[in-house]
Amino acid sequence: KQPAQQLQSVSDVNEFFASRTSPNYGVSTSMVVGFFSEHEDIEEDDYEEFNEAAKELQINEDIYFGAVTDPATATFFKKNKTIDRTPALMLVGEDAEPHTINLDELYGDNAGIKAWILKNSIPLVGKITGQNFLLYEKQGLP
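Remember, it's a predicted structure, so these values are computed and weren't measured experimentally. (Residues numbered from 1 in each chain as written. Predicted model: local features only at pLDDT ≥ 70, side-chain atom pairs only at ≥ 80, totals over all residues. Heavy atoms only, no water.)

**What to know about the overall build of the protein chain**
Next up, step 1: A tally of regular secondary structure across the protein chain gives 5 helices and 5 strands.
Next up, step 2: Counting from the amino terminus, helix and strand elements in the protein chain follow one another as β-α-β-α-β-α-β-β-α-α.
Next up, step 3: Counting all 142 residues of the protein chain, 44% fall into the buried class.
Next up, step 4: Of the contacts formed within the protein chain by residues at least 6 apart in sequence, a portion of 61% connects residues at least 24 apart.
Next up, step 5: When the accessible surface of the protein chain is summed, it comes to about 7,800 Å², and 52% of that surface belongs to carbon and sulfur atoms. (Helix = DSSP H or I, 4+ residues; strand = E, 2+ residues; numbered from the N terminus. Buried < 20%, exposed > 50% of the residue type's maximum accessible area, 1.4 Å probe, protein only. Contact = heavy atoms within 4.5 Å. Areas by Shrake-Rupley, 256 points an atom, 1.4 Å probe, with all protein chains shown as cover.)

Below, the structure written as structure tokens:
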């Protein structure tokens, strides 16, 4: 089983992000979507790294993963300026603001996919609760 839910269409992606506000999820829930146009070709390594990060982070019940591997769906989100290009990540977390990054910007100082997701899942100023305490502790915050 893939750690990330396959999102086949634009409406799948929109519903995946919208589900964050459902009563099933807590306020600190983050939804992460990886956008890939050529996941079996030149983006294969990035796609594998994304799935590895999803596998490791999904044990944290507040982070959910979706993957877009359909080029037409990815192109829609490029055209509407949600993402710049593929491969890219988009995360909506506790601050309800979309955070996006192109995966080729994640190297060097920016560490990797997992570090970026953890950093952006936590609001800069958040209320520490029993639910999110471990997330802050893992980050060495505050």
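**Concerning the side chain of Thr86**
Next up, step 1: Among the secondary structure elements, Thr86 is positioned in the loop between helix H3 (71-79) and strand E4 (88-92).
Next up, step 2: Among the residues examined, Thr86 registers a relative accessible area of 15% and is labelled buried.
Next up, step 3: Within the structure, Thr86 has its side chain in polar contact with the side chain of Ser37 (distance 2.7 Å).
Next up, step 4: Not counting residues within four places of it along the chain, the set of residues in contact with Thr86 comprises Phe35, Phe36, Ser37, Glu43, Ala74 and Lys78. (Polar contact = N/O pair within 3.5 Å; in protein donor to acceptor, adjacent residues only side chain to side chain.)

**Quick notes on H3**
Next up, step 1: Along H3, the residues that are buried comprise Thr73, Ala74 and Phe77. For H3, the buried positions fall inside an angular range of 100° around the axis, keeping them on one side. Along H3, exposed side chains directed more than 90 degrees from the buried face belong to Ala72 and Lys79.
Next up, step 2: Its buried side turned inward, H3 meets helix H1 (10-18), strand E2 (30-35) and strand E3 (63-68).
Next up, step 3: After H3 finishes, the residue Lys81 shows a positive phi value of roughly 70°. (Arc of directions from axis to C-beta.)

**Looking at the environment of Asn102**
Next up, step 1: Looking at the secondary structure, you find Asn102 in strand E5 (residues 98-102).
Next up, step 2: Residues Asn102 and Ile83 lie 19 residues apart in sequence; the distance between their C-alpha atoms is 7.8 Å.
Next up, step 3: In this structure, Asn102 is in contact with Asp84, Arg85, Pro87 and Ala88, ignoring residues within four places of it in sequence.
Next up, step 4: A polar contact of 3.2 Å, which involves the side chain of Asn102, links it to the side chain of Asp84.

**Quick notes on the pairing of E2**
Next up, step 1: Of all the 6 residues making up E2, 6 are buried; the element is thus mostly covered by neighbouring parts of the structure.
Next up, step 2: In E2, alternate side chains face the same way, and those of Ser30, Val32 and Gly34 on one face and Met31, Val33 and Phe35 on the other are all buried.
Next up, step 3: Note that E2 and E4 share 5 bridges and pair antiparallel. Paired with Val32 across the two strands is Leu91, which belongs to E4. (Pairing = 2+ DSSP bridges.)

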